[in-house]
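A look at the structure
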Amino acid sequence: MKSTQQSEFTMASGAMLLGVMGDPIIHTKSPIMHNAALKALGIEGNYVPLHIKPEGLEKAIQAILTLGFRGVNVTIPHKVEVMKYLDHIDEGAAKVGAVNTIVNNNGVLTGYNTDGIGYVRSLKEEVCPELRGKNIVVLGAGGAARGIIHALTAEQPGQISIVNRTASKAIELAQEWGSLANMQGLSEAEAQAAVNSADVLINTTSVGMHPNVGELPLPKEWIPEGIVVSDLIYNPLMTELLHVSARKGCSTHGGLGMFVNQGAYALEYWTGVDAPVAVMREAVLQSFKL
Ligand code: ATR
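Attention in this report is confined to the structure presented alongside it. These numbers come from a predicted model, not from an experiment. (Residues numbered from 1 in each chain as written. Predicted model: local features only at pLDDT ≥ 70, side-chain atom pairs only at ≥ 80, totals over all residues. Heavy atoms only, no water.)

1. Concerning unusual backbone geometry
What counts here: Runs of E in the DSSP output that reach at least two residues are strands. Runs of H or I that reach at least four are helices, and both are numbered from the N terminus.
Pro77 follows Ile76 through a cis peptide bond whose omega is 10°. Assignment of secondary structure puts Pro77 in the loop between strand S3 (71–74) and strand S4 (88–89). A cis geometry characterises the amide bond from Asn235 onward to Pro236, with omega recorded as 10°. Residue position: Pro236 is located in the loop between strand S11 (228–231) and helix H8 (240–247).

2. Some words on the site of the ligand
Quick reminder of the rule: Note on definitions. A residue lies near a molecule or strand when any single heavy atom of the residue is within 4 Å of it. N or O atoms closer than or at 3.5 Å make up a polar contact, with two conditions inside protein: a donor-capable atom paired with an acceptor-capable one, and, for residues adjacent in sequence, both atoms drawn from side chains. Side-chain classes are defined by residue name, with Ala, Val, Leu, Ile, Met, Phe, Trp, Tyr, Cys and Pro counting as nonpolar, Asp, Glu, Lys and Arg as charged, and the others, Gly among them, as polar.
The environment of the ligand is formed by 13 residues, the closest being Gly143, Asn164, Arg165, Thr166 and Lys169. In the environment of the ligand, an oxygen atom lies 2.8 Å from a nitrogen or oxygen atom belonging to the side chain of Arg165. One nitrogen or oxygen atom from the side chain of Lys169 is found 2.7 Å from an oxygen atom belonging to the ligand. Residue classes in the shell around the ligand are distributed as 3 nonpolar, 7 polar and 3 charged.

3. Focus on the packing of helix H1 (residues 30–41) against helix H10 (residues 277–289)
The cut-off we apply is this: Helix axes are fitted only over the stretch in contact, all axes being lines through C-alpha atoms; the angle between N-to-C directions runs from 0 to 180 degrees. Relative orientations are named as follows: roughly parallel for angles under 35 degrees, roughly antiparallel for angles over 145 degrees, roughly perpendicular for angles from 65 to 115 degrees, and oblique for any other angle. Two helices that cross are described as forming a left-handed crossing if the nearer one is turned anticlockwise from the farther one by less than a right angle, and a right-handed crossing if clockwise. Any two residues whose heavy atoms approach within 4.5 Å are treated as being in contact.
Following both chains from N to C, one finds H1 and H10 inclined at 140°, their axes separated by 8 Å at the closest point. By the angle between their axes, H1 is oblique relative to H10. The element H1 and its partner H10 pack so that their crossing is right-handed. In this structure, H1 contributes Ile32, Met33, His34, Ala36, Ala37 and Ala40 to the contact, and H10 contributes Val279, Met280, Ala283, Val284 and Ser287.

4. A look at the environment of Ala145
The cut-off we apply is this: Under the scheme applied here, a residue whose accessible area is under 20% of the maximum for its type counts as buried, over 50% as exposed, and between as partly exposed, the area being computed with a 1.4 Å probe on protein chains only.
For Ala145, the position within the fold is in helix H5 (residues 143–153). Accessibility expressed as a relative area gives 1% for Ala145, which makes it buried. Residues Ala145 and Val200, spaced 55 residues apart in sequence, show a C-alpha to C-alpha distance of 14 Å. Residues within four places of Ala145 in sequence aside, it is in contact with Val138, Gly140 and Thr204.

5. Focus on the pairing of S3
Counted only if it meets this: At least two bridges found by DSSP between two strands is the condition for calling them paired.
Burial along S3 is two-sided: Gly71 and Asn73 and Val72 and Val74, pointing in opposite directions, are all buried. Bridge count between strand S1 (residues 16–22) and S3: 4 bridges; the pairing is parallel. By the bridge assignment for S3, Met21 is matched with Val74. With 3 bridges connecting them, S3 and strand S5 (residues 101–105) associate as antiparallel partners. The partner of Gly71 across the bridge, within S5, is Val103.

6. Considerations on the pattern of salt bridges
Pairs can form between side chains of opposite charge once their charged atoms are near each other. In plain terms, the rule: Between Lys or Arg on one side and Asp or Glu on the other, a salt bridge is scored when a side-chain nitrogen of the former is within 4 Å of a carboxyl oxygen of the latter.
Taken as a whole, this structure holds 8 salt bridges when the rule is applied. Put simply, Arg281 and Glu126 hold a salt bridge, and the shortest N to O gap is 3.4 Å. Of this pair, Arg281 sits in helix H10 while Glu126 is found in helix H4 (residues 115–126), placing the two residues 155 residues apart along the sequence. The class of Arg281 is partly exposed, set by a relative accessible area of 29%. Accessibility expressed as a relative area gives 36% for Glu126, which makes it partly exposed. For the salt bridge of Glu130 with Arg132, the shortest nitrogen-to-oxygen distance reads 3.7 Å.

7. So, the packing of aromatic side chains
To keep it simple, the criterion reads: For Phe, Tyr and Trp, where Trp contributes only its six-membered ring, two rings pair if their centres lie within 6.5 Å, and the inter-plane angle classes them as stacked under 30 degrees, edge-to-face over 60, or tilted in between. Only when the NZ atom of a Lys or the CZ atom of an Arg is both within 6 Å of the ring centre and within 35 degrees of the ring normal do we say a charge sits over the ring.
Under the definition given, this model contains 4 aromatic pairs. Cluster of aromatic residues (ring-pair linked, three or more members): Tyr234, Phe259 and Phe288. Just above the ring of Phe288 sits the side chain of Lys29; from NZ or CZ to the centre is 4.8 Å.

Here it is, written out as structure tokens:
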């Protein structure tokens, strides 16, 4: 993968300081993943978890500059709020309305969103190399769905159907980005026909996430045999949706790939070199076994 931004970082500036800001942050797998990557690349540095409460976010961002961090990831609940403290917002992140990666270039802070592009990269690598012309159904219309749908529009899909419990959010999103791809917003009650003709079904809702691991985001009878079914959830690695879909002969794709690839793109923004994706994936997988 080519980095979309040339790094101005040089090793002469010392160890590379990186981190992730969130609240809570205790369960994050990002430090394990990024520190393994830095080691594999032979880059001296450290990636640390930073527990930042919402009221401390502005000062925490200033501290990036004071302490000379090369960059940070930002996660829940800061992805939207952080934008007002940055000097530049990348075009894709501005459209999505959220930032998960900040790069410090000599005191100038730029915000990117690598969630959507990381997701699409892993979907293509793992289960669906060609998305052009495909009928894609996305369950959910929240922040995660926005990043993914925006990245999917670059793949020239045949149609994207957005299905949401609160139908108005799905309809508004389909209208907002209707010029980027053929899109429709649907209520859950209206969704069966779209799901029946789907080539790719993507769950972006939290239904099925630990501890509610038995739940399904749609009736299992709706899932066609042999399609691609993807779930953003990575705890558990195999959700009930993926279990049911696998039994129907579907190709399944879990959330681990998205997590790893959003991190890979972020690391490439910070270092300017290709991320060791296999090392990163293995580090996260190992940490689940601890
Ligand atoms: P994220 O950033 O993870 O997308 P979010 O912006 O809060 O989080 O969005 C959560 C999404 O999951 C929404 O689409 C939400 O539906 P609503 O817009 O109707 O709230 C969906 N979601 C969460 N819990 C759900 C449930 N029990 N059933 C159906 N959809 C659910």
